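Reading the structure
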Amino acid sequence: MTVKLSTGLVTYVMGTGSFKAAFNLGFLDIYSGTQPASADDAPNGTKLATITVDGDGVTGITFGTAVAGYLPKNPSETWSGNGVASGNAGWFRLREASDAGTASSSTAKRVDGSIGNSGADMNVGSVVVTSGAPFIVTGGGFTLPLA
């Protein structure tokens, strides 16, 4: 399990952007199977859910205020999505709203990571996603190491 950043995200953050700005109003997709070798690759597995604000399928997620290298989810938002297929979550992709979901060599801003009950990049109470049932992300955020 390794968090993978896309070429587009790294270029954006190293230039004039920020992680928070890259994903403001973006989406968190949950997939079965194993994550691709690169965040520039098209997704592997089956898309199980797309996480939005209140599970409305439209409103992109936002983040709170960064503290000591940690960027939390916006505490006033409920991040959820109804399962579009049933299966076990294996990995996630945080993506900007305009991401078409295809392979991207240099422009798409993405973060990929593993999902599990513990010891994963994204830890959840249950990896089981059921079609038509809500999948809720209760807390969390992203960390850049200080040392």
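Cut-offs and rules
- Residues numbered from 1 in each chain as written.
- Predicted model: local features only at pLDDT ≥ 70, side-chain atom pairs only at ≥ 80, totals over all residues.
- Heavy atoms only, no water.
- 1 Å grid on protein atoms, 1.4 Å probe; cavity = no way out; pocket = protein on both sides within 12 Å on 5 of 7 lines; lining within 4 Å.
- Points joined across faces, edges and corners; volume = space filled by probe spheres on them.
- Helix = DSSP H or I, 4+ residues; strand = E, 2+ residues; numbered from the N terminus.
- Nonpolar A, V, L, I, M, F, W, Y, C, P; charged D, E, K, R; others polar.
- Core = buried A, V, L, I, M, F, W, Y, C linked by side-chain atoms within 4.5 Å.
- Buried < 20%, exposed > 50% of the residue type's maximum accessible area, 1.4 Å probe, protein only.
- Contact = heavy atoms within 4.5 Å.

1. Re the layout of surface pockets
Estimated volume of the largest pocket: approximately 600 Å³. When contributions to the lining of the largest pocket are tallied by element, the ones reaching two or more residues are α1 (7-14), β8 (122-123), β9 (128-129), β10 (134-137) and β11 (141-143). At four residues, β10 tops the list of elements feeding residues into the lining of the largest pocket. In terms of residue class, the lining of the largest pocket is made up of 21 nonpolar, eight polar and two charged.

2. A word on the nonpolar core
Core analysis: the biggest nonpolar cluster contains 27 residues, and L28, I30 and L94 have the highest contact counts within it. Every element with two or more residues in this core is listed here: α2 (19-23), β2 (27-32), β3 (47-53), β6 (87-95), β7 (110-116) and β10. Dropping the residues within four chain positions of it, L94 is found in contact with F19, F23, F27, L28, I61, F63, K109, R110, V111 and F142.

3. Let's talk about the environment of A120
Take A120: it is sitting in the loop between β7 and β8. Judged by its relative accessible area of 16%, A120 falls in the buried class. Remark: the alpha-carbon pair of A120 and G55, spanning 65 residues in sequence, is separated by 23 Å.

4. A short note on the environment of A89
Locating A89 in the fold gives a position in strand β6. Take A89: its relative accessible area is 6%, and that puts it in the buried class. When the C-alpha atoms of A89 and G45 are compared, they prove to be 9.6 Å apart, with 44 residues separating the residues in sequence.

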